[in-house]
Amino acid sequence: MRIEDIVNITDGELINEGYIKDILAFSDEVKRVQREHLFISNNITDIKEAIKKGAYAILFSKDLKIIDDEIAWIKVEDINEAFLKLLKYKLLDKTLYYTDEITLQIISSINRDKRLAIIDKVNFEYLNNDYIYMTSQEKVKNIALQKKEIKKEISITPLHTTPFITEINFNNQKYSLVFPVLYLENLEIALSFFEKLNLAYYLKDIKIDRFIPQFINSRYEKVPFGRTERVVIQGIKKDKYFINELNYIFEKLKYGNVKFYDDTNIEKFYKDNFNFAVLIDCKVELKEKEIKEVSLF
């Protein structure tokens, strides 16, 4: 890509032109920098290393000293915004797929296909090749001219469920997933996307950052799944999913001793008796269970 085009697209300033007219690829991690790359950083130590490895250009946003006047130095107002502007250019002739946050987490956790680029953070390397682009972020969605929301085209009937386990039969294979059936429709949407675009995935790796069960013993030590009758449920937030999660808890855990904790009463956590402790926008420190060595003598 031409240096001149990068400057224009990012609304940047060419602080030093040097002898470079084109770059081969973008890198925002110094360990990935190769000859003819443009390196993105405000860290002068990393920049020095990138130049040693053959970087042809530096894109930065802070006041930095030009330490090599033979390469191009591009200053931008904000690196994140520069990424979005370059991504917008990249997406001019491509379709951006979008979905909600939970479905995207499912897709990200089970994805095994290098053709899929999940835009949930700034990653300049997604500008280097042609990918299938996916996001849940409105800011990213708004820059695309061609965008498509992924839809549910597959229906799954659970074989058996518990509050934390969902057993299904999919593509003639049985799965027992540590995954609440509350989000089954999100899973159906995710699998519809993979199947429709013929993308590789590994369903057993499914994971979301909500409704995470951690079994503990009486000493508040973590134990393997299902080993005790005390569970700490983490990842609950007061957001758009909160009411549905509360209703799910009231329905599925109604026969247990359920306690709710947030920043106003978290100090009671280590004193209370409970079967289920629901942490709302807060965290607790749980110990790792010590493994005692057994002597043979």
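Only a predicted model underlies this, so the values are computations on that prediction, with no experimental measurement involved.

Cut-offs and rules
- Residues numbered from 1 in each chain as written.
- Predicted model: local features only at pLDDT ≥ 70, side-chain atom pairs only at ≥ 80, totals over all residues.
- Heavy atoms only, no water.
- Helix = DSSP H or I, 4+ residues; strand = E, 2+ residues; numbered from the N terminus.
- Rg over C-alpha atoms; globule rule 2.2 N^0.38 Å.
- Buried < 20%, exposed > 50% of the residue type's maximum accessible area, 1.4 Å probe, protein only.
- Contact = heavy atoms within 4.5 Å.
- Areas by Shrake-Rupley, 256 points an atom, 1.4 Å probe, with all protein chains shown as cover.
- Lys, Arg positive; Asp, Glu negative; His and termini not counted.
- Charge placed at Lys NZ, Arg CZ, Asp CG, Glu CD.
- Salt bridge = Lys/Arg side-chain N within 4 Å of Asp/Glu carboxyl O.
- Axes fitted to C-alpha atoms, helices over the stretch in contact; angles between N-to-C directions.
- Parallel < 35°, antiparallel > 145°, perpendicular 65-115°, else oblique.
- Left-handed = near helix turned anticlockwise from the far one by under 90°.
- Nonpolar A, V, L, I, M, F, W, Y, C, P; charged D, E, K, R; others polar.
- Pairing = 2+ DSSP bridges.
- Core = buried A, V, L, I, M, F, W, Y, C linked by side-chain atoms within 4.5 Å.
- Phe/Tyr/Trp six-rings, centres within 6.5 Å; stacked < 30°, edge-to-face > 60°.
- Lys NZ or Arg CZ within 6 Å of the ring centre and 35° of its normal.

Caption draft 1: Local environment of the overall build of the protein. In terms of regular secondary structure, the protein is built from seven helices and 18 strands. By the compact-globule yardstick of 19 Å for 297 residues, the protein is too spread out, its C-alpha radius of gyration being 24 Å. In terms of overall dimensions, the protein has a C-alpha envelope of 70 × 50 × 50 Å along the principal axes. Put simply, the protein has 297 residues, and 47% of those count as buried. Residue pairs at least 24 apart in sequence account for 54% of intrachain contacts in the protein once pairs closer than 6 positions are excluded. Total accessible area on the protein stands at roughly 17,100 Å², and carbon and sulfur atoms take up 46% of it. The distance from the centre of the 46 positive side-chain charges to the centre of the 48 negative ones in the protein is 5 Å.

Caption draft 2: Region of the structure containing the pattern of salt bridges. A complete count under the given rule lists 23 salt bridges for this structure. The salt bridge involving Arg2 is made with Glu4; its shortest N-O contact spans 2.5 Å. A salt bridge links Asp130 to Lys94, with the nearest nitrogen and oxygen atoms 3.2 Å apart. With Asp130 in the loop between β7 (116-118) and β8 (132-135) and Lys94 in the loop between α3 (79-90) and β6 (95-98), the pair connects residues that are 36 residues apart, well separated along the chain. With a relative accessible area of 58%, Asp130 lands in the exposed category. Through salt bridges with shared partners, a single network forms among Glu29, Lys31, Arg32 and Glu125.

Caption draft 3: Spotlight on the packing of helix α4 (residues 101-110) against helix α6 (residues 184-197). For the pair α4 and α6, interaxial distance at closest approach is 9 Å and the crossing angle is 50°. Here α6 runs oblique to α4, going by the angle between their axes. α4 and α6 meet at a crossing whose hand is right-handed. Contacts from Ile102, Thr103, Ile106, Ile107 and Ile110 of α4 reach α6 at Asn186, Leu187, Ile189, Ala190, Leu191, Phe193 and Phe194. Tallied by class, residues from the contact of α4 with α6 come to ten nonpolar, two polar and no charged.

Caption draft 4: Spatial organisation of the sheet that holds strand β16 (residues 258-261). The strand order across the open sheet built from four strands is β13-β15-β17-β16, with neighbouring strands paired in mixed fashion. Where the open sheet ends on each side, the last strands, each with one partner, are β13 (212-215) and β16. Along the sheet, successive strands turn relative to each other by an average axial angle of 20°, direction set aside. Sheet topology note: the β16/strand β17 (residues 276-280) ladder contains four bridges and is parallel. Paired with Val258 across the bridge in β17 is Phe276. Strand contacts of helix α7 (residues 242-252): β15 (231-236), β16 and β17, with the helix running at about 155° to β16, the strand carrying the most contacts.

Caption draft 5: Local environment of the nonpolar core. Formed by 47 residues in total, the largest nonpolar core has its most connected members in Ile106, Ile107, Leu187, Phe193 and Ile233. Discounting chain neighbours no more than four positions away, the residues touching Ile107 are Leu116, Ile118, Met134, Ile150, Ala190, Phe193 and Phe194. If you look at the next biggest cluster of nonpolar residues, it comprises 43 residues, including Ile6, Ile9, Ile23 and Ile40.

Caption draft 6: Here's a closer look at the packing of aromatic side chains. Applying the stated criterion to the full structure yields 21 aromatic pairs. With a centroid separation of 6.3 Å and 80° between ring planes, the pair formed by Phe164 and Phe215 is classed as edge-to-face. One end of the pair, Phe164, is in the loop between β10 (160-161) and β11 (165-170); the other, Phe215, is in strand β13, and 51 residues separate them in sequence. Since its relative accessible area comes to 6%, Phe164 is described here as buried. Residue class for Phe215 comes out buried when judged on its relative accessible area of 8%. Aromatic ring contacts, followed pair by pair, group Phe164, Phe211, Phe215, Phe225, Tyr248 and Phe276 into a single cluster. Directly above the ring of Tyr220 sits Arg230, whose terminal nitrogen or CZ lies 5.0 Å from the centroid. Taking the ring centre of Phe274 as reference, the NZ or CZ of Arg230 above it sits at 4.2 Å.

So far we have only geometry, and geometry alone does not tell us how the molecule works.
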